[in-house]
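Chain by chain, the residues run as shown.
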Amino acid sequence: MKCNRLVWSAVIAASVSGSLLLGAMPAKAGTVALWRFENGPADAPVAHLSGVNGQWSADVADSSGNGNALSVWSTGGGGGYAYKSDVPFSTVPQTGAPNNFSVKNTGGGPAMWNNTLRGWTPSAFTIEASFKPENGGWRTLVGRDSRGAGTQPGANPDESALYFQIRPDNSVAMTFEDVMGFRHSAGSVAGLIHGFDWPSDHDGLKGTWYSMAGVSDGAMLSLYLKDVSAGTGYQLVAQTDMTLSGSTNTAFTAGLGSAGDWTAGDFSVGRGLYAGGHGDRAYGFIDEVRLSDTALTRDQFTSVPEPGSLALLLVGALPLLRRRQSAR
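Note that the structure is predicted; figures quoted are calculated from it, not measured.

1. Some details on the overall build of the protein
Okay, so step 1: A tally of regular secondary structure across the protein gives two helices and 19 strands.
Okay, so step 2: For the protein, the residues scored as buried account for 51% of the 328 residues in total.
Okay, so step 3: Within the structure as shown, the protein displays about 13,700 Å² of accessible surface, and the carbon and sulfur contribution to it stands at 55%.

2. Some thoughts on the side chain of Thr175
Okay, so step 1: Relative to the assigned elements, Thr175 resides in strand β9 (residues 172-177).
Okay, so step 2: At 2.7 Å, the side chain of Thr175 and the side chain of Ser185 are in polar contact.
Okay, so step 3: If sequence neighbours within four positions are ignored, Thr175 has contacts with Ala161, Leu162, Tyr163, Arg167, Arg183, His184 and Ser185.

3. Description of the pattern of salt bridges
Okay, so step 1: Within this structure, the stated rule accounts for eight salt bridges.
Okay, so step 2: A salt bridge links Arg290 to Glu128; the nearest nitrogen and oxygen atoms lie 2.7 Å apart. Taken together, the residues span a long stretch of sequence, with Arg290 in strand β19 (residues 284-292) and Glu128 in strand β6 (residues 125-133) at a distance of 162 residues. Here Arg290 matches Glu128 in class, with each residue buried.

4. Topic: the confidence of the model for the protein
Okay, so step 1: Confidence along the protein averages 88 in pLDDT terms, with 84% of residues attaining 70 or more.
Okay, so step 2: For residues 1-26, every residue scores under 50 in pLDDT, and the model assigns this stretch 29 contacts once sequence neighbours within four places are set aside.
Okay, so step 3: Every residue in residues 309-328 is under pLDDT 50, and counting partners more than four places away or in other chains gives 21 contacts.

5. Notes on empty space enclosed by the protein
Okay, so step 1: Summed over the entire model, instances satisfying the criterion amount to one cavity of 30 Å³ or more.
Okay, so step 2: There is about 30 Å³ of room inside the largest cavity.
Okay, so step 3: Around the largest cavity, the lining residues are Phe131, Lys132, Pro133, Arg139, Leu141, Ile166, Ala282, Tyr283, Gly284, Phe285 and Ile286.
Okay, so step 4: Those elements that provide at least two residues to the lining of the largest cavity are β6, β7 (139-144) and β19.
Okay, so step 5: Of the residues that constitute the lining of the largest cavity, the class distribution is eight nonpolar, one polar and two charged.

6. A short note on the environment of Thr263
Okay, so step 1: Within the element layout of this structure, Thr263 appears in strand β15 (residues 262-263).
Okay, so step 2: Placed 117 residues apart in sequence, Thr263 and Ser146 show a C-alpha to C-alpha distance of 7.2 Å.
Okay, so step 3: When sequence neighbours within four positions are dropped, the list of residues in contact with Thr263 reads Arg118, Asp145, Gly257 and Ser258.

7. What about the sheet that holds strand β16 (residues 267-269)?
Okay, so step 1: Read from one edge to the other, the open sheet built from seven strands follows the order β2-β5-β16-β7-β8-β9-β10, with strand pairing classed as antiparallel. One side of each edge strand has no neighbouring strand; the edge strands of this open sheet are β2 (71-72) and β10 (183-187).
Okay, so step 2: The sheet contact formed by strand β5 (residues 112-114) and β16 spans three bridges and is antiparallel. In the sheet register, Met112 faces β16, and the bridge partner there is Val269.

8. Some points on the packing of aromatic side chains
Okay, so step 1: Under the criterion given, the structure shown has 14 aromatic pairs.
Okay, so step 2: Each ring, one from Phe196 and one from Phe285, has its centre 6.1 Å from the other, and the planes form 55°; the classification is tilted. Here the residue Phe196 occupies a position in the loop between β10 and β11 (210-216), and Phe285 occupies one in strand β19, the gap between them amounting to 89 residues. There is no split in this pair, since Phe196 and Phe285 are both buried.
Okay, so step 3: Here the aromatic cluster, defined as three or more aromatic residues joined through ring pairs, consists of Trp120, Phe125, Phe176, Phe252 and Phe267.

Quick notes on the rules
Residues numbered from 1 in each chain as written. Predicted model: local features only at pLDDT ≥ 70, side-chain atom pairs only at ≥ 80, totals over all residues. Heavy atoms only, no water. Helix = DSSP H or I, 4+ residues; strand = E, 2+ residues; numbered from the N terminus. Buried < 20%, exposed > 50% of the residue type's maximum accessible area, 1.4 Å probe, protein only. Areas by Shrake-Rupley, 256 points an atom, 1.4 Å probe, with all protein chains shown as cover. Polar contact = N/O pair within 3.5 Å; in protein donor to acceptor, adjacent residues only side chain to side chain. Contact = heavy atoms within 4.5 Å. Salt bridge = Lys/Arg side-chain N within 4 Å of Asp/Glu carboxyl O. pLDDT = per-residue confidence, 0-100. 1 Å grid on protein atoms, 1.4 Å probe; cavity = no way out; pocket = protein on both sides within 12 Å on 5 of 7 lines; lining within 4 Å. Points joined across faces, edges and corners; volume = space filled by probe spheres on them. Nonpolar A, V, L, I, M, F, W, Y, C, P; charged D, E, K, R; others polar. Pairing = 2+ DSSP bridges. Phe/Tyr/Trp six-rings, centres within 6.5 Å; stacked < 30°, edge-to-face > 60°.

Structure representation (structure tokens):
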């Protein structure tokens with residue numbers, strides 16, 4: 001039992017140093033953009049640095065180091081967001097990095113967007129986000145602005161290039177258009193999501209945190225959902241064989257079109273686009289949004305502990321264990 005206690009003490013000590021080391025690591029190769037919303041402080045509005053509502057500025061840092069920042073529409077108000085200390089996890093499971101804040105809309109027209117990825121058309125990609133949603137309607141967590149890129153059977157020309165969203169029946173779905181104009185969609189059964197009611201539950205105290213990942217490997221489109229609040233793992237909730245569509249190239253389209261308040265290829269967070277108009281607002285809390293240019297496996301998702309963490313933990317534990325044994 002003495003040896004077991006020594007090993008356990010060493011493992012605990014190593015886990016602390018291991019977490020610190022993992023938290024300092026940069027985002028992995030394949031991460032194109034990572035929006036963590038860590039500026040804070042709690043309840044402060046996300047500052048819109050341009051000072052002009054709807055004019056893009058680098059308001060939310062890209063933690064991947066690639067410089068693909070997000071802009072909010074305004075500092076607070078109808079189009080803004082505020083930092084919140086309500087988070088899905090206190091440390092990011094995949095990296096061990098501290099997670100202090102999420103963001104929540106401050107009004108009825110929230111919008112965040114990126115304008116530096118307009119030319120991004122990967123053949124394989126992954127979209128991830130954590131969220132605690134309000135009830136009701138179409139709620140687009142991550143979108144890509146476009147109109148008219150869907151030209152093949154089954155495509156609606158009014159739809160945008162991407163919907164990573166919750167549907168009115170509380171199912172979840174990922175729908176995107178490829179460079180050939182084909183539409184691909186993977187949607188779950190109804191009733192998977194439990195939102196909170198506003199304004200009776202203004203702070204989302206009765207809400208549920210989820211993490212979701214949509215993966216296209218060029219042939220299969222897969223959607224995974226994790227109930228973070230319940231402590232469950234990622235479950236495959238929808239999958240579509242894209243090879244049956246007839247498309248000869250399922251790479252992600254950069255989209256078409258533009259208007260006064262959007263440009264094709266821009267990514268949105270917290271809203272969608274339909275028929276050229278902003279909508280499908282994802283009211284509630286959003287955190288840890290990541291875009292990757294590869295088809296991640298389930299063990300690589302943000303909300304899953306990295307397998308290498310255990311090896312690092314044990315490596316850190318061995319020197320401490322040796323020192324304890326030498327002192328006996």
